[in-house]
Each structure stands twice: as C-alpha cells, then as structure tokens.
Amino acid sequence: DAKTTQPTSMDCAEGRAANLPCNHSTISGNEYVYWYRQIHSQGPQYIIHGLKNNETNEMASLIITEDRKSSTLILPHATLRDTAVYYCIVSALNNAGNMLTFGGGTRLMVKP
Amino acid sequence: NAGVMQNPRHLVRRRGQEARLRCSPMKGHSHVYWYRQLPEEGLKFMVYLQKENIIDESGMPKERFSAEFPKEGPSILRIQQVVRGDSAAYFCASSPRSGGAHEQYFGPGTRLTVT
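Conventions used here
Residues numbered from 1 in each chain as written. Chains lettered and ligands numbered in written order. Predicted model: local features only at pLDDT ≥ 70, side-chain atom pairs only at ≥ 80, totals over all residues. Heavy atoms only, no water. Helix = DSSP H or I, 4+ residues; strand = E, 2+ residues; numbered from the N terminus. Contact = heavy atoms within 4.5 Å. Disulfide = S-S within 2.5 Å. Pairing = 2+ DSSP bridges. Salt bridge = Lys/Arg side-chain N within 4 Å of Asp/Glu carboxyl O. Buried < 20%, exposed > 50% of the residue type's maximum accessible area, 1.4 Å probe, protein only. Axes fitted to C-alpha atoms, helices over the stretch in contact; angles between N-to-C directions.

Trainee: Explain the environment of E52(B) to me, please; I cannot follow it from the model alone.
Mentor: Residues and elements named next belong to chain B. Along the chain, E52 falls in the loop between β5 (43-50) and β6 (53-56). Separated by 47 residues in the primary sequence, E52 and M5 have C-alpha atoms spaced 19 Å apart. If near-sequence neighbours (up to four positions away) are discounted, E52 is found in contact with F69, P70 and K71.

Put into structure tokens, the structure is as follows:
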C-alpha cells in the first residue's frame, strides 16, 4: 500500500471547518483513500473513502486532487467531540481481505 | 444490532503468564482482523481470519502469539509467556465480506498491561 504523510497536529475553532490534508504521492490507480478517526483511545471509526471523485456523507467531505497525489478531509462545522486522531489510509481492494495500515495520523484539537 | 465486542476491556498479567483476548464480531460478520496499538503509535495489523481459517498472519510476531476464529464462539488472540513489550491496546475489527476497508467495524479494544 502507498505511504501517506499527514501533519502531526492541528487546531480548529469550534464551529469552524476543519481541513485535514494528506499526501499520498505514490498512490496506485486501484488504491482508494480512506479516512478513519480514533477518539480518545477508542476503536477507530470509519469516516469516508473515495477513489478519484469528491465524496460527501453525513460526517465529512473528501476532496481528492485530480492527480490523486493528495486529499483533504473536511469537517464542515467542527465540534468539541470531533477532537481525535485522524488517519488517512491508502489501500487497494482485493479478494484476500483488506487490512488497514495506520500511520501516525493528525491529532485534531477542536477548541471552544 | 450490537457492535463488535471485546473482553476483557482491561487485562493485567505478570511476565511469563498467558493472555487471552476475545473478540465477538458483529452479527453476520465472518471476517475478523486483529490490530495492536503500542503507546503513542498508530495501529499495526496483526492477523486476518475467517471462520476456522487464518487468511493472513503476516503481522503476527513469530513466537508466543496465536489466533483462532472457531466455527462457534468468539475469535481468540492468545499471547503466551507475556513480556513487558506486549503491553498495548489490542483492537479487533469485523467485516461482512472480504475487501472494502470501509466495512471494518472496530471494537473498543483490550488494554493489556504486563507487570
């Protein structure tokens, strides 16, 4: 799986949009971009994923650049409960299962 | 629909003892993954199992660690003769099918402390 690079930490004011970047310059054509988060040492929680088109769900939006070498996770109106470590993961679908490779992630602190 | 269950949530073992960690997948899920998280680090894949089969154990340490997912009952991660370096949070995830990382649902984890 391709390697990802994320900032170690970020701050965001409550109610503002949180934009979390991720670089994945070695991504292959069949690899998806996944985002998970881990709140205070709980089990990771799936947020969103995409291949090349921008995606949106009830939790977040995912913007993938046209060359697919980077992406941004957007939490449109961050709340205190969004304080967590956010992991950007690149992985291909395959028939042998799809174990996730977690890097260091970005520690997002949402402040009042 | 209950989520992924793990027990115990906290486990304390002395060096040399055995640790058994249990994971009950979500209803209808036949695929289980185990991950380990050392303090201040990201999760590392350990093993992927389907019912009665180990599919990928490339992340498992070669000695002292084993995993099973029997036809009936929970998946078990077993650590023999624990050492201090085994202290970590162990998470399992389940999914209904192979492929599709977005379909992995994680449990709350078991925090193992070796004294």
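Moving on, there is more to tell.
Trainee: Mind showing me how you'd approach the state of the cysteines here?
Mentor: Working definition of a disulfide: a covalent bond connecting the sulfur atoms of two cysteines. Residue and element names in this part refer to chain A. One pass over the full model with this rule turns up 2 disulfides over all chains. Paired by a disulfide, C22 and C88 hold their sulfur atoms 2.1 Å apart. Its S-S torsion of about -80° marks the bond between C22 and C88 as left-handed, since a negative value means left-handed. Pair noted here: C22 is in strand β2 (residues 18-23) and C88 is in strand β8 (residues 84-92), with a separation of 66 residues, a long-range link.

Trainee: Quick question: what am I supposed to make of the sheet that holds β2(A) here?
Mentor: Whether parallel or antiparallel, the strands of a sheet pair through hydrogen bonds between backbone atoms. All names here are of chain A. Here we have 4 strands laid out as an open sheet, ordered β2-β7-β6-β5, and antiparallel in their pairing. Bordering the open sheet on either side are β2 and β5 (55-56), each of which pairs with just one other strand. Note that β5 and strand β6 (residues 61-64) share 2 bridges and pair antiparallel. Note on β6: the bridge partner recorded for E55 is L62.

Trainee: Can you walk me through the pattern of salt bridges in this structure?
Mentor: Pairing is possible between side chains that carry opposite charge, provided their charged atoms lie close to one another. Residues and elements named next belong to chain B. For the coordinates displayed, the defined rule picks out 5 salt bridges over all chains. Notably, a salt bridge pairs R20 with E18, separated by 2.8 Å at the nearest N-O pair. One salt bridge connects D86 with R64, and the closest N-O pair in it is separated by 2.7 Å. In this pair, D86 is assigned in the loop between β8 (75-79) and β9 (88-95) and R64 in the loop between β6 and β7 (65-68), connecting sequence segments 22 residues apart. You can call R64 partly exposed: its relative accessible area is 25%. Connected through salt bridges with shared partners, the residues E18, R20 and R78 form a single ionic network.

Trainee: In this structure, what is going on with the pairing of β6(B)? I would like to understand it.
Mentor: Strand residues, when the strand is regular, have side chains that alternate between the two faces of the sheet. Residues and elements named next belong to chain B. In this structure, β5 lies alongside β6, joined through 3 bridges in antiparallel fashion. Looking at β6, one finds that Q50 is bridged to N53. Here β5 folds back onto β6 in antiparallel fashion, the turn holding 2 residues, of which E52 has a positive phi close to 65°.

Trainee: Would you mind going over the sheet that holds β7(B) with me for this structure?
Mentor: Residues and elements named next belong to chain B. An order of β1-β3-β8-β7 is seen for the 4 strands of this open sheet, with the pairing classed as antiparallel. Where the open sheet ends on each side, the last strands, each with one partner, are β1 (5-7) and β7. Averaged over all pairs of adjacent strands, the angle between strand axes in this sheet comes to 15°, irrespective of strand direction. The pairing of strand β3 (residues 19-24) with β8 spans 5 bridges and is antiparallel. For A19, the partnering residue across the bridge sits in β8 and is I79.

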